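Geometric and topological summary
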Amino acid sequence: MKKTIVIGVTGSIAAYKAADLVSRLVKINYDVSVIMTEAAKKLVCEHTFLTLSRNPVIGDLWTIGNWKPEHIHLAEKASLFVVAPCTANFIGKYAGGIADDALTTYALSHTGKVLLAPAMNVNMWQHVAVQNNCKILADRGVDFIGPDNGDLACGIKAKGHISDIGSIVNKINSLLKD
């Protein structure tokens, strides 16, 4: 039986790399569903993820195709929740228990394993608030991969670059080993 992975896509410029992640996961036979923030939808089209995942994309809490809220239904069947790219905004909301959109609501309803792949400006990543929020989440059992050193959208090379997609796939496979 296929394992289900929910991929959260946030409003980092690295959102386009989530398409590669979804494509690779589907090719190795995972059932992948995508939840996008409003900011992510400004960077990457929902139809991209619909096509690559072969599953409906959740972009808000208010468009429900059947009687069951889709984010809760996914939480009941998902083996892993991955947010890639993961912004400081999502990290802060998740650490603080804020559920004000489809992705954060899903995050609080998910009871399985969680992997976050941060991607943001180096100054944001190094900010004490972000580091404290990451510590809170790590103490709750959330796994992290990255960020790595690399070319950032602001034009500098520093820590804040999303980890290599192949490395994220390897981490996912490791987390899902029986």
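Now for a quick tour of the structure. (Residues numbered from 1 in each chain as written. Predicted model: local features only at pLDDT ≥ 70, side-chain atom pairs only at ≥ 80, totals over all residues. Heavy atoms only, no water.)

1. Considerations on the overall build of the protein
Heads up, the rule is: The helix count covers DSSP runs of H or I at least four residues long, the strand count covers runs of E at least two residues long, and both are numbered beginning at the N terminus. Accessible area is worked out with a 1.4 Å probe on protein chains only. A residue is then buried under 20% of its type maximum, exposed over 50%, and partly exposed in between. The sign given to each residue is positive for Lys and Arg and negative for Asp and Glu; His and the chain ends receive no count. Throughout, a charge is located at the NZ atom of Lys, the CZ atom of Arg, the CG atom of Asp or the CD atom of Glu.
Scanning the protein from terminus to terminus reveals 9 helices and 8 strands. Oriented by its inertia axes, the alpha-carbon framework of the protein measures out at about 45 × 35 × 30 Å. For the protein, the proportion of its 178 residues judged to be buried stands at 49%. With 18 positive and 15 negative side-chain charges, the protein shows a spacing of 5 Å between the two charge centroids.

2. Here's the deal with the packing of aromatic side chains
Geometry of an aromatic ring pair is reported as the spacing of the ring centres plus the angle between the planes. Applicable threshold: The pairing test for Phe, Tyr and Trp rings, Trp by its six-membered ring, is centres within 6.5 Å, and the orientation test on the planes gives stacked under 30 degrees, edge-to-face over 60, and tilted for anything in between.
Counted according to the given criterion, the structure contains 3 aromatic pairs. Taken together, a centroid distance of 4.9 Å and an interplanar angle of 65° make the contact between phenylalanine 81 and tyrosine 106 edge-to-face. Of the two residues, phenylalanine 81 is situated in strand 4 (residues 78-86) and tyrosine 106 in helix 6 (residues 102-109); the sequence distance between them amounts to 25 residues. Tyrosine 106 carries the same exposure label as phenylalanine 81, and that label is buried. These aromatic residues form a ring-pair network of at least three members: Phe81, Phe90, Tyr94 and Tyr106.

3. Focus: the sheet that holds strand 2 (residues 31-36)
The line we're drawing: What makes two strands pair is DSSP finding at least two bridges between them. Contacts were defined at the residue level, with two residues in contact if any of their heavy atoms lie within 4.5 Å. Angles run from 0 to 180 degrees between N-to-C directions of axes, and those axes are lines fitted to C-alpha atoms, restricted for helices to the stretch in contact.
Within the open sheet, the 6 strands sit side by side as 3-2-1-4-5-6. Their pairing is parallel. The sheet is open, and its two borders are formed by strand 3 (57-58) and strand 6 (143-144), each paired with just one other strand. As paired elements, strand 1 (residues 4-9) and strand 4 share 5 bridges and run parallel to each other. Considered in strand 4, the bridge of threonine 4 is made with alanine 78. Running over the sheet, helix 9 (residues 165-175) touches strand 1, strand 4, strand 5 (113-118) and strand 6 and is turned about 165° from strand 5.

Remember, this is a structural readout, not a statement about activity or role.
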